[in-house]
Amino acid sequence: MILNKARFYKITYDLTFDVHERFNIGTYKEKTLHLAMKRYFEENEDYHEVPTNGFIADIRRGSVITEIETHGFSGLGPKLAAYLPEYKVNLVYPLAAKKYVSWIDPDTKKITSRRPSPKKENVYDALFELVRILPHVKHENLNVVVMLLEMDEYKLLDGWSYDKKRGAHRFERIPTDVFDMIEINTDEDYIKYIPEECTENFTVKDFAKGAKIDTYTAQAVVKVMEARGVIEKNGKSGRSFIYSRAH
């Protein structure tokens, strides 16, 4: 796949004037981020929302299915089990490499000023999600497509804390720019994200330090790397497993 920024910009521009009400598959409104990704990967809506093997595929054209997951991969296992034996599946995961947050007062409808978020998502956030579909990470028909985007996020001031921000609901995410599109398909694609210093006899903590991610994320990513077969256990040191790159 080749990233087409001009196409992305046109879609996001057009969406600013769109009113998109949805009445099928149990939803009344399709979120802007999901719709933008669906239009980017397939402009012909005849191929959108196609019944396939007991599920509804976001996009299906010929023998290729494109699934857009904007909330993580939980619950995706049964769908992949139905699709992968018969179809190539592009699993698209848009991430906020850069994000601006605005807050909406649900009573007055007033929107606060747009502020940059310190949270910057990257490929390791996608690798983390793969732990939820671990039985499928080696399947030859699975291609993970990570979209690194700039987004405007709108959240409701309806949380339980004094400022109503903790536990608040996310209302909408609107993509405004695209930085990169990264495919994770082959062993070599996975190996790129093993830190250079993690070759022989490394722990999850070593991996976390080398990748500059937290230990919780590293635990999941290491499980994914092991399931893919690009690293393997090589004993224990105390309570920690020792890993090495697979040969």
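Note that the structure is predicted; figures quoted are calculated from it, not measured. (Residues numbered from 1 in each chain as written. Predicted model: local features only at pLDDT ≥ 70, side-chain atom pairs only at ≥ 80, totals over all residues. Heavy atoms only, no water.)

A.B. asks: What is the right way to read the overall build of the chain from this model?
C.D. replies: Counting secondary structure elements, the chain contains seven helices and nine strands. In terms of overall dimensions, the chain is globule-like: its C-alpha atoms have a radius of gyration of 20 Å, near the 18 Å expected for 247 residues. Counting across all 247 residues of the chain, residues that qualify as buried make up 49%. Intrachain contacts of the chain at a sequence separation of at least 6 include 62% that bridge at least 24 residues. Surface summary for the chain: the accessible area is close to 13,600 Å², and the carbon and sulfur share equals 50%. For the chain, the centre of its 38 positive side-chain charges and the centre of its 38 negative side-chain charges are spaced 5 Å apart. (Helix = DSSP H or I, 4+ residues; strand = E, 2+ residues; numbered from the N terminus. Rg over C-alpha atoms; globule rule 2.2 N^0.38 Å. Buried < 20%, exposed > 50% of the residue type's maximum accessible area, 1.4 Å probe, protein only. Contact = heavy atoms within 4.5 Å. Areas by Shrake-Rupley, 256 points an atom, 1.4 Å probe, with all protein chains shown as cover. Lys, Arg positive; Asp, Glu negative; His and termini not counted. Charge placed at Lys NZ, Arg CZ, Asp CG, Glu CD.)

A.B. asks: It is not clear to me how the pairing of strand 4 (residues 88–104) should be interpreted in this structure. Could you clarify?
C.D. replies: Residues in a regular strand project their side chains so that they alternate between the two faces of the sheet. The buried fraction of strand 4 is high, at 15 of 17 residues. Of the pairings in the sheet, the one linking strand 3 (residues 64–68) to strand 4 comprises five bridges and is parallel in character. Residue pairing across strands places Ile 68 opposite Val 92, the latter belonging to strand 4. Pairing between strand 4 and strand 6 (residues 142–156): 15 bridges, direction parallel. Residue pairing in the sheet places Val 92 in a bridge with Val 145 of strand 6. Across two bridges, the pairing between strand 4 and strand 5 (residues 115–116) is antiparallel. Note on strand 5: the bridge partner recorded for Tyr 100 is Pro 116. (Pairing = 2+ DSSP bridges.)

A.B. asks: So what exactly am I meant to see when it comes to the packing of aromatic side chains here?
C.D. replies: Given two aromatic rings, one states the distance between the centres and the angle between the planes to describe the pair. Taken as a whole and assessed by the stated rule, the structure comprises nine aromatic pairs. Centre to centre, the rings of Phe 8 and Tyr 40 are 6.5 Å apart; their planes meet at 65 degrees, and the pair counts as edge-to-face. Here Phe 8, found in helix 1 (residues 5–15), pairs with Tyr 40, found in helix 2 (residues 32–41); they are 32 residues apart in sequence, far enough to count as distant. Ring geometry for Phe 202 and Phe 207: centres 6.5 Å apart, planes at 35 degrees, overall tilted. Each member of the pair Phe 202 and Phe 207 is classed as buried. Positioned above the aromatic ring of Tyr 40 is the side chain of Arg 7, whose terminal nitrogen or guanidinium carbon lies 5.8 Å from the ring centre. (Phe/Tyr/Trp six-rings, centres within 6.5 Å; stacked < 30°, edge-to-face > 60°. Lys NZ or Arg CZ within 6 Å of the ring centre and 35° of its normal.)

A.B. asks: Looking at this model, I keep getting lost on helix 1. Mind explaining?
C.D. replies: An α-helix turns once every 3.6 residues. As a result, residues three or four positions apart point the same way. Turning to helix 1, its buried residues number three or more, namely Phe 8, Ile 11, Thr 12 and Leu 15. Around the axis of helix 1, the buried residues are gathered within 95 degrees of arc, so they sit on the same side. Facing away from the buried surface of helix 1 by more than 90 degrees, the exposed residues are Ala 6, Lys 10 and Tyr 13. Buried positions along helix 1 lie against helix 2, strand 6 and strand 7 (170–184). You can read the cap of helix 1 off the contacts: a side-chain oxygen lies 3.3 Å from the backbone nitrogen of Ala 6, and it is on Asn 4. (Arc of directions from axis to C-beta. Polar contact = N/O pair within 3.5 Å; in protein donor to acceptor, adjacent residues only side chain to side chain.)

A.B. asks: Is there a simple way to explain the packing of helix 6 (residues 204–211) against helix 7 (residues 215–228) in this structure?
C.D. replies: How two helices sit against one another is set out by the angle between their axes and by the gap between those axes. Two elements in contact, helix 6 and helix 7, have axes separated by 9 Å at closest approach and are oriented at 105 degrees. One element, helix 6, and the other, helix 7, form an angle in the roughly perpendicular class. Contact with helix 6, carried on its side by Val 204, Lys 205, Phe 207 and Ala 208, involves Thr 215, Ala 218, Gln 219, Val 221, Val 222 and Met 225 of helix 7 and no other residues of that element. (Axes fitted to C-alpha atoms, helices over the stretch in contact; angles between N-to-C directions. Parallel < 35°, antiparallel > 145°, perpendicular 65-115°, else oblique.)

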